[in-house]
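As a plain string of letters, each chain reads:
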Amino acid sequence: SASVREFLSGTAGRVLSQMVDVRAALQAGRRDVDTFDELLLLLSAFSGLWSESVVRGPAWHFGDLARRVERALAVLESLAAAQPVVSRSHPESDRAVAAFLEILLAGHDSLVAYRRRHRSDVEWSAVLATLVADARNPRSLAFSAERIRRDAAAIEWDSGVESLDEIRSGWSEPSGPMAYGDSAGALRDFAMQLTRERLATPPDPAVVRGLRVERSHVDD
């Protein structure tokens, strides 16, 4: 953060400085609940500052894209783990599975959103509606995907937009217990594609114009 200090607000610098202190405490062996709570609070504060205090230049879009990919991966991988459990049971009548689904929602900060939209017991179909399709829920796949698409378009990464649209097509109607796991793998490949195409050092000198690197020629 010291190398990009001019891009961050003074408050963000203070939060990052406190993070350094917490990291040192963790490395020193102070791993109590209060220390982890402090770290979570600082991370939340920095997330808010990142969203509200940083100019929306290319660097911000790259950072936001990475955050949204990480969040989407967390949802996909947890759904991949939950789907076999649910498929072997009947969540509408099984209290243990219903409790399991509540934990799943709580883990993604979506239990309150679920309760506001669904007055019945926790059901798998409604869980999917909340975590996958509800574009109003900032923790959902739909919300993350839309932000990823906007960020990719902002950095003029057209091939990334196309790849994302292809991945999203498999989210709404999963074709079996491995469907979400397969989508998670595809999204990890998407992140690697970003690294290869937009974050790798170019092999030849280039002139930067706006947000896109323009080359006068491309060697095969």
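Given the structure is predicted, the values throughout are model-derived calculations rather than measurements.

A. Geometry of the overall build of the protein chain. Broken down by element type, the protein chain carries 9 helices and 2 strands. N-terminal to C-terminal, the α/β element order of the protein chain is α-α-α-α-α-α-α-α-α-β-β. Looking at the protein chain residue by residue over its 220 residues, the buried ones come to 35%. Accessible area for the protein chain stands at about 13400 Å²; split by element, carbon and sulfur atoms hold 54% of it.

B. Expanded view of the confidence of the model for the protein chain. Looking at the protein chain, the pLDDT average stands at 83 and 85% of residues meet or exceed 70. Averaged over each element, pLDDT in the protein chain is lowest for strand β2 (residues 212-214) (46) and highest for helix α7 (residues 141-154) (94). In this model residues 207-220 is a low-confidence stretch, pLDDT under 50, and it forms 20 contacts with partners more than four residues away in sequence or in other chains.

C. Spatial organisation of the pattern of salt bridges. With the rule as written, the count across this model stands at 12 salt bridges. A salt bridge links D32 to R30, with the shortest nitrogen-to-oxygen separation between them at 3.8 Å. Residue D32 is classed as partly exposed on the basis of its relative accessible area, which comes to 32%. We classify R30 as partly exposed; its relative accessible area is 44%.

Definitions and limits used
- Residues numbered from 1 in each chain as written.
- Predicted model: local features only at pLDDT ≥ 70, side-chain atom pairs only at ≥ 80, totals over all residues.
- Heavy atoms only, no water.
- Helix = DSSP H or I, 4+ residues; strand = E, 2+ residues; numbered from the N terminus.
- Buried < 20%, exposed > 50% of the residue type's maximum accessible area, 1.4 Å probe, protein only.
- Areas by Shrake-Rupley, 256 points an atom, 1.4 Å probe, with all protein chains shown as cover.
- pLDDT = per-residue confidence, 0-100.
- Contact = heavy atoms within 4.5 Å.
- Salt bridge = Lys/Arg side-chain N within 4 Å of Asp/Glu carboxyl O.

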